[in-house]
Amino acid sequence: MNNASETFYKVTLRDRFSNTKWTLSKAFKEFVELERSLKEQMDNVPVIEGKSMFKVSAFDQLKERQQYIQQFLVQCVLRKDIFASDSLIDFLMLREHAPELLIEKEKKLNESEQFPFAIKKFHFVKSEGIIFIICSEMNLTNRVDAYFTNLTLPWEEKNEVSKCTGAFMVYKISLSEKKGYVFEKVFVKTFPNVPTTFTFDEVSKIVAIGFNNGDTLLFKNYDENTLVGNFDQFADFNHHRRDVTGIGIDFRSGYIYTCGIDKDFVGCEINKTDNFEVINSSEYLYTNMIMDVIGGRIFLAIKLSGIEIYSTHTYPPVLVADVESSCEDVFMDLIIDYNRCYIFACALNWNIYVFKLGETGKEKNTKEISCFPATCCSQTLAYDPNCNELIIGDIYGK
């Protein structure tokens, strides 16, 4: 659409759910301004081609520019983060014409600041509204102070721990009409050592916590009806010389597995933890573990190497695949999409690695198929298979 002094481009939009149609009339500079606004808010924004310092008036040039505008808008609409931005919503007048298409933005329902240390890891049991949390002291000076305070020399009597550097906490989350979401502390256990990892098995109701000195403590809730109540410690063992980095519980066979930065992969019966077996000693340190109880498999991440896959159909587990990776750094976290057979791994080198997982019994076919930058130093992953979204948490809390 041409005016005497400026060219306007008509954009027709349709809401496919309500079949509502509306038309916008925008000058090229308005699209450029939208692009600039989006770039200020996020990375990797689609680019409008065909920009020029001179006025474009020839029909062929206007037609080409129209195609560039269409490509730009289509790419923006397909990006969920851009589609949810106020800049694009206002530009396309979505609130006026298609409010049902708007993505509801995150809303903080409540927060709790009653944790004694930094949260290291947590697990939420949705069916009971229970959240398990391990906390650890992140200040090195405080850790050293606690170590010497708790140290008992050979000629001294053993004293009760006076300073702790870690805690295991259980909270019940409930909804109150007046206060919103309320965090009720139902159990807490403090430790003189720093928790490094933990796992919870919902079938056996066992919580296993690993520590920076190689210890592993086992807790169990004996109430058949609820998780609200005490978790009694029924076992403790030290199968590693340094940090425990992964724990897996196989409730069907009654075995527990651990790995650590001492390069050992260890297994034992849950009720006979003194009788343990070093299943494998790796050349490089183990950084993570995933237990697939249903499939009878254990996945172990190894620094500078890749992923080891073990079958737990026999004891000790048998190595069925040693998957190489192009990663030359530390895998911080693994997550598996069992339906589509993908393994996602994040590393300290700011990359995400994708592996195609072989079917059960054909794990040898597992191989790395992709690697892409994460734009941050990733520490933890979450994956939503329903919308094929990978969520990344970095070491700086983002």
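Along each chain, the written sequence defines residue order, and numbers are assigned to residues from 1. Reporting in this predicted model follows two pLDDT cut-offs: at least 70 for local features of residues, and 80 or more for side-chain atom pairs to be given and counted; totals over whole chains, interfaces and linings ignore these cut-offs and use all residues. Hydrogens and water are ignored here; the side-chain numbers use all heavy atoms of the structure.

## Focus on the sheet that holds strand β21 (residues 351-356)
Basically, it comes down to this: DSSP-based pairing: two strands are paired if at least 2 bridges between them are found. Numbering of helices and strands starts at the N terminus; helices are DSSP runs of H or I of at least 4 residues and strands are runs of E of at least 2. Angles run from 0 to 180 degrees between N-to-C directions of axes, and those axes are lines fitted to C-alpha atoms, restricted for helices to the stretch in contact.
Judged by pairing direction, the sheet is antiparallel, and its four strands sit side by side in the order β19-β20-β21-β22 without closing on themselves. Either end of the sheet is taken by a strand with one partner, and the two such strands are β19 (331-337) and β22 (367-373). Here the average twist between neighbouring strands, direction ignored, is 20 degrees. Pairing analysis gives six bridges linking β21 to β22, with the strands arranged antiparallel. Each bridged residue has a counterpart across the sheet, and for Lys356 the counterpart in β22 is Lys367.

## A look at the packing of aromatic side chains
Which entries qualify depends on this criterion: Here a Phe, Tyr or Trp ring, Trp counted by its six-membered ring, pairs with any other such ring whose centre lies within 6.5 Å, and the pair is stacked when the planes are under 30 degrees apart, edge-to-face when over 60, and tilted otherwise. Categorising residues by exposure relies on relative accessible area from a 1.4 Å probe, with only protein chains included: less than 20% of the type maximum marks a residue as buried, more than 50% marks it as exposed, and the intermediate range marks it as partly exposed. For a lysine, the NZ atom is tested; for an arginine, the CZ atom; a charge sits over a ring if that atom is within 6 Å of the ring centre and within 35 degrees of the ring normal.
Going through the model one piece at a time under the given rule, you end up with 20 aromatic pairs. Residues Phe132 and Phe231 carry aromatic rings whose centres are separated by 5.5 Å and whose planes lie at 85 degrees to one another, so their mutual orientation is edge-to-face. With Phe132 in strand β4 (residues 130-136) and Phe231 in the loop between β9 (215-220) and β10 (232-238), the pair connects residues that are 99 residues apart, well separated along the chain. Looking at Phe132, the relative accessible area reads 0%, which means it is buried. Taking the relative accessible area as the measure of exposure, Phe231 reaches 2% and is therefore buried. Above the face of the Phe91 ring, Lys26 is positioned so that its terminal group lies 4.6 Å from the ring centre. The lysine or arginine in question, Lys220, covers the ring of Tyr222, its NZ or CZ lying 5.7 Å from the ring centre.

## Describing unusual backbone geometry
At the junction of Tyr315 and Pro316, the peptide bond is cis and its omega measures out at 0 degrees in the coordinates. In this structure, Pro316 sits in the loop between β17 (306-311) and β18 (318-324). Of note in this structure, Asn44 is not a glycine but carries a positive phi near 55 degrees. The phi dihedral of Met93 falls on the positive side, at around 55 degrees, and the residue is not glycine. The exposure class assigned to Met93 is partly exposed, which follows from its relative accessible area of 30%.

## Digging into the environment of Gly295
The following threshold applies: Any two residues whose heavy atoms approach within 4.5 Å are treated as being in contact.
For Gly295, the position within the fold is in the loop between β15 (286-292) and β16 (297-302). The buried category is assigned to Gly295, whose relative accessible area is 12%. Setting aside anything within four residues of it in sequence, one finds Gly295 in contact with His313 and Thr360.

## Focus: the sheet that holds strand β8 (residues 206-211)
Strands sit in the order β7-β8-β9-β10 across an open sheet of four strands; the sheet is antiparallel. Edge strands, defined here as strands with exactly one partner in the open sheet, are β7 (195-201) and β10. The sheet shows a mean angle of 15 degrees between the axes of neighbouring strands, taken without regard to direction.

## Focus on the pairing of strand β5 (residues 166-176)
Here β4 pairs with β5 via seven bridges, running antiparallel. Among the inter-strand pairings, Ser136 is bridged to a residue of β5, identified as Gly166. Linking β5 back to strand β6 (residues 180-191) in an antiparallel pair, the connection comprises three residues.

## Focus on the side chain of Thr287
Using the following cut-off: By the criterion applied in these results, polar contacts are pairs of N or O atoms within 3.5 Å in which, for protein atoms, one can donate a hydrogen and the other can accept it, and in which residues neighboring in sequence qualify only through two side-chain atoms.
Looking at the element boundaries, Thr287 is found in strand β15. Within the local environment of Thr287, its side chain forms a polar contact with the backbone oxygen of Phe331, the two atoms lying 2.7 Å apart.

## Quick look at the environment of Asn19
Following the sequence through the fold, Asn19 ends up in the loop between β1 (8-15) and β2 (20-27). In this structure the C-alpha to C-alpha distance between Asn19 and Ala98, which are 79 residues apart in sequence, comes to 9.7 Å. A distance of 3.1 Å separates a polar atom in the side chain of Asn19 from a polar atom in the side chain of Arg14.

Function cannot be inferred from these measures alone, as they are strictly geometric.
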